[in-house]
Amino acid sequence: MNCDEKVKEIVCEIVGVSKEEIDPDASFMDDMGLDSLRALEILAAIENAFGITIDPQRLQEMTTLNHVIKLTREYTEADQ
Amino acid sequence: MNKVYITSANTIIGTGWDAEQNCHKILPQQYEPLLQSVPTRNMDRISKIALAAARSTLEARGITVSKDTPNNYGILFGTQFSALDSIHNFDMEALKKGALAVNPGLFPNTVLNAPACQASIHCRFAGPVYTVCSGPLSTLDALGIGYNLIRSGVTSMVLAGGADEAEPLHCAMQNNKKEKGEAAGFLLLESADTIHCGTPLAEIAGYASCALHQKQRTTLSFTLADMITTAVKSGGISARDIACLSLYAWLPANESERLLADLYTELKLNGTREAIKTDWMGSGGIVQANKIIGSKHKALWCLVNADEDKAAVLIIKRL
Amino acid sequence: MNKTAITGMGIISSAGTNLTDFWNTLSCGTVTYKEIPEYKADKNFRTHIGARVQDSTWQKNLTEMQRQSFGKAALYAVSASRSALENAKIDMDTASRLRTAVVLSTTMGEIQTEEAFSEIRHQEGFGKIPQNLLRQYRTDHIASAVSSALQLSGPTYMVPAACAGGNYAVGLGKNILEWNLADIVIAGGVDVFSRVAFTGFQRLLSLSPDLCKPFDRERKGLILGEGCGIVILEREQCAHARNAKIHGILAGVGLTADRHHMTAPHPDGDGAVRAIRQAIQEAEGTVQDIDYISAHGTGTISNDKTEVKALETVFGGGSVPPLSSIKSMIGHPMGAAGAIELIACLQMLENNLLLPTVHYETPDPACNIDCVPGTARKAKLSCILSNSLGFGGQSSSIIITRG
């Protein structure tokens, strides 16, 4: 499974939406009604799955699936 | 001083049987249907069964509190163990996989007040939220504190009761051979002012709680009789009027029966008496109270809880 | 109604394990948190700062048997309770003869015991956990330890309320005196330094990697602490009758719930606003009476912003009295915070000196308040408000006035 697919799977599991149904540009908070704790859950799961450390300041960027994918790519590519 | 009425009650008593733990377990079908529309992802089991009991008690009274209405309604959640199992599981996960591997979504379960706060959040109760950890006296003390909060006018309505789980950790902590049981329940307590419709089920007429130090333990029945006399006096009644005496004690069954008989003689009672045999952890008091509400016997009940270092008494008049 | 007098104080804190050391440390603006070597050595911990009690002299008023059988939280509670009774000049016989109640609060309970047996379980399996540790882990045994060590006979309650705990305990203590269930109340909060809490807060991104800077625009989070604060409550009349020194009057208590979220405060500070107003109302005062506020001030972005918002709602923007957060020096001792801050407030009242918020440098437009930055400040004090806010939306405020 490539990086993007893996991120998608993690995010879908945590936000409780199927991979087929998730809108990659929908806002977790405004469109899906998630709270800040759920965003932290996504951050922790991504860090653990990819063995990366995301700067806490960048949590605020993790507002949609596409943003999470972009951020994860940035960190995993920097590691390579 | 306000009179304190019980206007609604619901207790979930485990109907499952776990032979290995020698324990009556609350089954998912007993609480899941009561949690419809509640987001329960990451909510631990103790919070779920506590919230289910709280919601069903309010529902039985036909009360829904809206999110924006200011109120001073309180929660008194009695529990011997509260979320100890969630704390331990969270810690075990960190030990097994490293501190970074824990799910932050589970951390809120690791504070001992979590189940009470879940009840406050989802029942919209905006007043004081007390978690009361008094070992086996937990739910009876929660009822007693709730009674006093309404009696003295601090709040006008409280959900008082509590819950406990009997997972392997709790059973190991209890370290006794008794049959165990899980129960989660609340009584809705109100002052005469807030009872607009419906008839109260019962009235709480007295409460006492104290620590038992070494000397008192050797003369336990005298000490308990004293406590009962004090409790009934505060409600303006006589101990002789007690028609049903119920004891929930940490002692083995035969010693519990003996203590009950001594107490019965000490108080010169004529009515019925019962010693609770199952170890309900902190939920003994709410199981006893549930029995009163379920009974048609309109009489004065005296509930006694005793642990090796403390005891509590609650007087309930079934109306 | 008969007022509730505070006549005794007992403290165990990273800032000192007796009242003199505690006051001297705080009034000099000394920071008491530092790097924890074992966390630095573990790559699973990205932050390593904590405020632990280093001085072990607090143990001297405990017996060997107590040290063997009680958990750490219970030991803190017993030791600080003894010191508080001594400070109140109440001898053990009197405490035992009268109806003396114990009301304590905590966030995590006997958590170091849990951490110890979890390690055993992890290494050797569930069956190897010793029975004495399982027994110690019972939360109610913290308050029972105080009752049994001091041979008391009043009600004994353990009322966990997360970080609002200290105020919840003194609030119930005041009620117990008013309800005539006791003559003396030993009330307070206790939490010991916890790996579980450190692990959880790290994953919530709530821990500061370096400094605790409440109300500063550059604040990065809280610093975990530990400790125990105990006060002795009695009816004012009784305190006068025995010529006791009254450190302060517990004039008002407000206990409310946000009913919003388990970890995030209500965005408008709903519970906090109602708690502050209730406390002021119970004290039969007005907002103009408050000379100083001991803020919850954890140093997290959301707490400080919401707390200031709540204060502005009650006092009016630009009219909030001077406030400070001693958490800038001792970190956040969780369930003990309210009780420890109450003791600091009583000492401020006595010395007419406001304790500072240290390391404050950059004003935050969202926290437009006077937080007594840097150094302690002289002020004439007669009425203090102290806030404590906790997980689950537990909000609490108390008001103390001069005795």
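Model, not experiment: these values are computed from the prediction.

Give me the interface of chain A and chain B: which residues, what numbers.
With eight residues of chain A at the contact, the number on the chain B side is nine residues. Taken as a group, Leu 37, Glu 41 and Asn 48 of chain A account for 64% of the area that chain A buries against chain B, more than any other trio of residues on that side. The tally of links between chain A and chain B comes to two salt bridges. Its salt-bridge partner being Glu 41 of chain A, residue Arg 41 of chain B comes within 2.3 Å of it at the nearest N-O pair. One can count three residue pairs in polar contact (both at pLDDT 80 or more) joining chain A with chain B. Looking at the side of chain A that touches chain B, the elements with two or more residues in it are helix H1 (3-15) and helix H2 (36-50) of chain A. For the side of chain A that touches chain B, the leading source of residues is H2 of chain A, giving six residues.

Pulling in residues and values, what's your account of the state of the cysteines?
The full count for this structure, using the stated rule, is zero disulfides over all chains. Cys 210 of chain B takes part in no disulfide bond, and the closest cysteine sulfur to it belongs to Cys 302 of chain B, at a distance of 13 Å. The thiol of Cys 367 of chain C is not disulfide-bonded; the next cysteine sulfur, from Cys 371 of chain C, is found 8.9 Å away.

Run through the nonpolar core, naming residues and quoting values.
Phe 125 of chain B together with Phe 201 of chain C are the most contacted members of the largest nonpolar core, which has 196 residues in total. If you tally residues by element for this core, the top one is helix H4 (residues 72-87) of chain C, at nine residues. With 31 residues, the next largest nonpolar core counts Ala 225, Leu 245, Leu 247 and Val 313 of chain B among its residues.

Would you mind going over the domain arrangement of chain B in detail, with residue names and values included?
Residues and elements named next belong to chain B. In terms of domain boundaries, chain B breaks down into domain 1 (4-194) and domain 2 (205-318). Spacing between the C-alpha centres of domain 1 and domain 2 amounts to 24 Å. At the interface, 38 residues of domain 1 touch 36 residues of domain 2. Approximately 2700 Å² of surface area, both sides summed, lies buried where domain 1 meets domain 2, with 65% of it carried by carbon and sulfur atoms. One can count 17 residue pairs in polar contact (both at pLDDT 80 or more) joining domain 1 with domain 2. For the side of domain 1 that touches domain 2, the element with the highest residue contribution is helix H5 (residues 138-151), accounting for 10 residues. Classifying every residue of the side of domain 1 that touches domain 2 by side-chain character gives 16 nonpolar, 14 polar and eight charged.

Describe the interface of chain B and chain C, naming the residues involved and giving the relevant values.
Interface extent is often summarised as the accessible area lost during association of the parts. Taken together, the contact pairs 69 residues of chain B with 65 residues of chain C. Carbon and sulfur atoms make up 61% of the surface buried where chain B meets chain C, a total of about 5700 Å² over both sides. When the area that chain B buries against chain C is broken down by residue, the three leading residues are Leu 100, Phe 107 and Tyr 130 of chain B, summing to 13%. On the surface where chain B and chain C come into contact, there are four salt bridges. Inspection of the chain B/chain C interface yields 33 residue pairs in polar contact (both at pLDDT 80 or more). When residues of the side of chain B that touches chain C are assigned to their parent elements, the largest contribution, nine residues, is made by helix H3 (residues 84-97) of chain B. Residues that form the side of chain B that touches chain C fall into these classes: 37 nonpolar, 22 polar and 10 charged.

So what's going on with the sheet that holds strand S12 (residues 300-306) of chain B? Which residues, and what values?
All names here are of chain B. Within the open sheet, the 10 strands sit side by side as S5-S4-S6-S8-S1-S9-S13-S12-S10-S11. Their pairing is mixed. Each edge of the open sheet carries a strand with a single partner, namely strand S5 (129-132) and strand S11 (272-275). Adjacent strand axes in the sheet meet at a mean angle of 20° when their direction is disregarded. Examined bridge by bridge, strand S1 (residues 4-13) and strand S8 (residues 183-191) share nine bridges and lie antiparallel to one another. Bridge pairing in S8 places Asn 10 opposite Phe 186. Contacting S1, strand S6 (157-164), S8, strand S9 (202-211), strand S10 (242-249), S11, S12 and strand S13 (310-318), helix H10 (residues 284-294) crosses the sheet at an angle of about 165° to S12.

Report on the packing of aromatic side chains, specifying residues and quantitative values.
Applying the stated criterion across every chain, the model contains 14 aromatic pairs over all chains. Each ring, one from Tyr 39 of chain C and one from Phe 198 of chain C, has its centre 4.5 Å from the other, and the planes form 55°; the classification is tilted. Placement of Tyr 39 of chain C in helix H2 (residues 37-40) and of Phe 198 of chain C in helix H10 (residues 195-203) is noted, with a sequence separation of 159 residues between them. Neither Tyr 39 of chain C nor Phe 198 of chain C differs from the other in exposure class; each is buried. Geometrically, the ring pair formed by Phe 201 of chain C and Phe 391 of chain C is tilted, given 5.9 Å between the ring centres and 55° between the ring planes. Here Phe 201 of chain C is found in helix H10, whereas its partner Phe 391 of chain C is found in the loop between strand S13 (383-390) and strand S14 (394-401), with 190 residues between them in sequence. The same class applies to Phe 201 of chain C as to Phe 391 of chain C, namely buried. The structure contains a cluster of three or more aromatic residues connected by ring pairs, namely Phe 90 and Phe 107 of chain B together with Phe 201 and Phe 391 of chain C. Lying across the ring of Phe 50 of chain A, Lys 6 of chain A places its NZ or CZ 5.0 Å from the centre. Looking at Arg 52 of chain C, its charged tip hangs above the ring of Phe 193 of chain C, at a distance of 5.8 Å from the centre.

Run through the pattern of salt bridges, naming residues and quoting values.
All told, the structure shown has 46 salt bridges over all chains when counted by the stated rule. We note a salt bridge from Glu 308 of chain B to Arg 135 of chain C, for which the minimum N-O separation is 3.3 Å. Placement of Glu 308 of chain B in the loop between S12 and S13 and of Arg 135 of chain C in helix H7 (residues 131-136) is noted, with the two residues assigned to different chains. With a relative accessible area of 30%, Glu 308 of chain B lands in the partly exposed category. A network of salt bridges, in which partner residues are shared, links Lys 25, Arg 45, Glu 165, Glu 167 and Glu 182 of chain B.

Kindly report on helix H9 (residues 253-266) of chain B, identifying the contributing residues and their values.
Residues and elements named next belong to chain B. An ideal rise of 1.5 Å per residue puts 20 Å on 14 residues; H9 measures up with 20 Å between its terminal C-alpha atoms. Buried within H9 we find Ser 256, Leu 259, Leu 260, Leu 263 and Tyr 264. Along the axis of H9, the buried residues cluster in a sector spanning 135°; they form a single face. Facing away from the buried surface of H9 by more than 90 degrees, the exposed residues are Arg 258 and Thr 265. Along its buried surface, H9 packs onto helix H8 (220-234), S10, S11 and S12.

So, how was this worked out
- Residues numbered from 1 in each chain as written.
- Chains lettered and ligands numbered in written order.
- Predicted model: local features only at pLDDT ≥ 70, side-chain atom pairs only at ≥ 80, totals over all residues.
- Heavy atoms only, no water.
- Contact = heavy atoms within 4.5 Å.
- Buried area = accessible area lost by both parts, 1.4 Å probe.
- Salt bridge = Lys/Arg side-chain N within 4 Å of Asp/Glu carboxyl O.
- Polar contact = N/O pair within 3.5 Å; in protein donor to acceptor, adjacent residues only side chain to side chain.
- Helix = DSSP H or I, 4+ residues; strand = E, 2+ residues; numbered from the N terminus.
- Disulfide = S-S within 2.5 Å.
- Core = buried A, V, L, I, M, F, W, Y, C linked by side-chain atoms within 4.5 Å.
- Buried < 20%, exposed > 50% of the residue type's maximum accessible area, 1.4 Å probe, protein only.
- Domains from an automatic or database assignment.
- Nonpolar A, V, L, I, M, F, W, Y, C, P; charged D, E, K, R; others polar.
- Pairing = 2+ DSSP bridges.
- Axes fitted to C-alpha atoms, helices over the stretch in contact; angles between N-to-C directions.
- Phe/Tyr/Trp six-rings, centres within 6.5 Å; stacked < 30°, edge-to-face > 60°.
- Lys NZ or Arg CZ within 6 Å of the ring centre and 35° of its normal.
- Expected span 1.5 Å × (residues − 1).
- Arc of directions from axis to C-beta.

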